[in-house]
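Geometric and topological summary
Here is what each chain is made of, one letter per residue.
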Amino acid sequence: MAEQRLFHEAVDLLPQQKSYNGVLFPIVLTPNPEIPKLTEAIKASRPWLDSVLNQSGAILFRGFSVSSASDFNDVVESSGYEDFSYGVGGAGSRTKVVGRVYTANKAPPHQNIPFHHEMSHSPVFPSKLFFFCEVEPGKEPGKGGETCIALSHVIYERMEQKHPKFVKEMEEKGFIYTRVLGDESDHSSPVGRSWKEVFMTDDKTIAEERAAKLGMKLEWMEGAVKVIIGPKPGFRYDEVKKHKIWFNGVVGRFEDKLNNDPANAVVFSDGKPLPSDVSDDCAKIFDEECVALQWRKGDVLLLDNLAVVHSRRPLITLPRRVLASFCK
């Protein structure tokens, strides 16, 4: 098969690489000798790569000649996946670089970005994510800046074992999320986009209309707006793989100047607060199950956004530059 000549599956490049039911997570693909460009290899192998992504949830392309944002955009285009424009509803602070390429979340590098599915709070969210390392962090231990990934169905299964009563209540009720957005953007926050940026207007009436289409309600405050999201289900069911997915923000509660009450950021749909130990236990499970990717320059990571959650560990020492792209 063509893909067997174009890619080599490496099993020794990631010490933390995991195996679930005989399938590696993530799959690591490196070039075989005399490989064409990654764009050409992807174009020639789309059905096979789709099947690999469906099995594993994550593919890391390492060792290919991808050096710039423009190169990365070409890789994304070669996938054949339709563009998901990061527009209305996205709270992460990011800017477009070129074509379909954006900066990754521009929150200060010393901040942790907790595990999340991209735009899981929205009724419309990307199905696939690409990440690209343009500038790698230092290789010395303790530099930080790793992107961590974990399989959501594994998190669900472990949480159901640890907190069966909570998971049952979550399935029955779902969650309501509350977030405060300022009139002006706060670039010191992982979710610091202003409401004007999030809803792409400075007209409050239009913002309310766009929020309503996303299942959000706005309550205006002085210099800010409280965004109430939900009720939203706490899980999803994968009809193909026949398992439940941990699709919620129980550990994705961002704190900043306007959002400093994490206990009320996520509650059950009836207003009941979450048990105090659930978030901490869930965070521990994420840490135990995740693969912490040590970026190398030129790495391209492809994620199934419905199967895999991702996070960013604090970067202790600069530099680091990771770019992102979103697909329908």
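Structure's up top.
Here goes a summary of the coordinates provided. As the structure is a prediction and not an experimental result, all values here were calculated from the model. Along each chain, numbering runs from 1 in the same order as the chain's sequence is written. Totals for whole chains, interfaces and linings use every residue, but because this is a predicted model, local features are given only for residues with pLDDT of at least 70 and side-chain atom pairs only at 80 or more, for both listing and counting. Calculation of side-chain values draws on the structure's entire complement of heavy atoms; hydrogens and water are dropped beforehand.

1. Overview of the sheet that holds strand S1 (residues 7–10)
We treat two strands as partners when DSSP finds at least two bridges between them. A run of DSSP states H or I qualifies as a helix once it reaches four residues; a run of E qualifies as a strand once it reaches two. Both are numbered from the N-terminal end. Here we have eight strands laid out as an open sheet, ordered S1-S4-S5-S18-S9-S20-S7-S6, and mixed in their pairing. Across the chains shown, the open sheet's two edge strands, defined by having one partner strand only, are S1 and strand S6 (96–98). Within the sheet, the average angular offset between the axes of one strand and its neighbour, ignoring direction, is 30°. With four bridges joining them, S1 and strand S4 (residues 27–31) adopt antiparallel strand pairing. Among the inter-strand pairings, alanine 10 is bridged to a residue of S4, identified as valine 28. Two residues form a contact once any of their heavy atoms are found within 4.5 Å. Every axis in this analysis is a line fitted to C-alpha atoms, fitted for helices over the stretch in contact. Angles between the N-to-C directions lie between 0 and 180 degrees. Contacts from helix H3 (residues 46–56) reach S1, S4, strand S5 (58–61), strand S9 (128–135) and strand S18 (300–304), with the element oriented near 125° to S5.

2. So, the packing of aromatic side chains
Note on aromatic contacts: the rings of Phe and Tyr and the six-membered ring of Trp form a pair at centre separations within 6.5 Å, being stacked when their planes are under 30 degrees apart, edge-to-face when over 60 apart, and tilted otherwise. One pass over the structure, following the stated rule, counts 18 aromatic pairs. Consider the rings of phenylalanine 7 and tryptophan 48, whose centres lie 5.9 Å apart with planes at 25°: the pair is stacked. Of the two residues, phenylalanine 7 is situated in strand S1 and tryptophan 48 in helix H3; the sequence distance between them amounts to 41 residues. Under the scheme applied here, a residue whose accessible area is under 20% of the maximum for its type counts as buried, over 50% as exposed, and between as partly exposed, the area being computed with a 1.4 Å probe on protein chains only. Judged by relative accessible area, phenylalanine 7 falls into the buried class, the value being 5%. Ring centres 6.4 Å apart and planes at 45° place the aromatic pair tyrosine 156 and phenylalanine 235 in the tilted group. On the criterion of sequence distance, the pair formed by tyrosine 156 in helix H5 (residues 152–162) and phenylalanine 235 in strand S14 (residues 235–238) is long-range, its members being 79 residues apart. On the accessibility criterion, tyrosine 156 (3% relative accessible area) is buried.

3. Notes on the nonpolar core
If you look at the biggest cluster of nonpolar residues, it comprises 37 residues, and the most contacted ones within it are Met159, Phe166, Phe175, Phe199, Trp246 and Phe286. It is helix H9 (residues 276–289) that contributes the most residues to this core, four residues altogether. Working definition of a nonpolar core: buried Ala, Val, Leu, Ile, Met, Phe, Trp, Tyr and Cys residues. They are joined through side-chain atoms within 4.5 Å.

4. Focus: the sheet that holds strand S19 (residues 308–312)
Taken together, the four strands give an open sheet; going across it, the order is S8-S19-S10-S17, and neighbouring strands pair in antiparallel fashion. Looking at which strands have only one partner, the edges of the open sheet turn out to be strand S8 (113–116) and strand S17 (291–293). On average, adjacent strands in this sheet sit at an angle of 20° to one another, irrespective of strand direction. In the sheet, S8 pairs with S19 via two bridges, with the strands oriented antiparallel. Looking at the pairing, histidine 116 lines up with histidine 310 of S19. Along the sheet face, H9 touches S8, strand S10 (147–151), S17 and S19 and points at about 100° away from the line of S10.

5. Section: unusual backbone geometry
Only a minority of non-glycine residues have a phi that is not negative, and only a minority of peptide bonds are not trans. Cis geometry marks the peptide bond from phenylalanine 25 to proline 26; its omega dihedral reads -10°. Structurally, the position occupied by proline 26 is in the loop between strand S3 (23–25) and S4. Geometrically, the link from glycine 230 to proline 231 is a cis peptide bond, its omega value of 10° lying close to zero. If you trace the backbone, proline 231 turns up in strand S13 (residues 224–232). With phi around 55°, methionine 200 is a residue other than glycine that occupies positive phi space.

6. Quick word on the packing of H5 against H9
The interhelical angle for the contact between H5 and H9, taken along N-to-C directions, is 135°, at an axis separation of 10 Å. Considering the angle they form, H5 stands oblique to H9. Of the two possible hands of crossing, H5 and H9 adopt the one that is right-handed. Contact with H5, carried on its side by Val154, Ile155, Arg158, Met159 and Lys162, involves Val278, Asp281, Cys282, Ile285, Phe286, Glu288 and Glu289 of H9 and no other residues of that element. Only Asp, Glu, Lys and Arg are considered charged, only Ala, Val, Leu, Ile, Met, Phe, Trp, Tyr, Cys and Pro nonpolar, and every remaining residue, Gly among them, polar. Residue classes in the contact of H5 with H9 are distributed as seven nonpolar, no polar and five charged. The cut-offs work like this: below 35 degrees is roughly parallel, past 145 is roughly antiparallel, 65 to 115 is roughly perpendicular, and the gaps in between are oblique. Helix crossings fall into two classes, left-handed where the near helix is turned counterclockwise from the far one by less than a right angle and right-handed where it is turned clockwise.

Distances and angles like these do not, on their own, reveal function.
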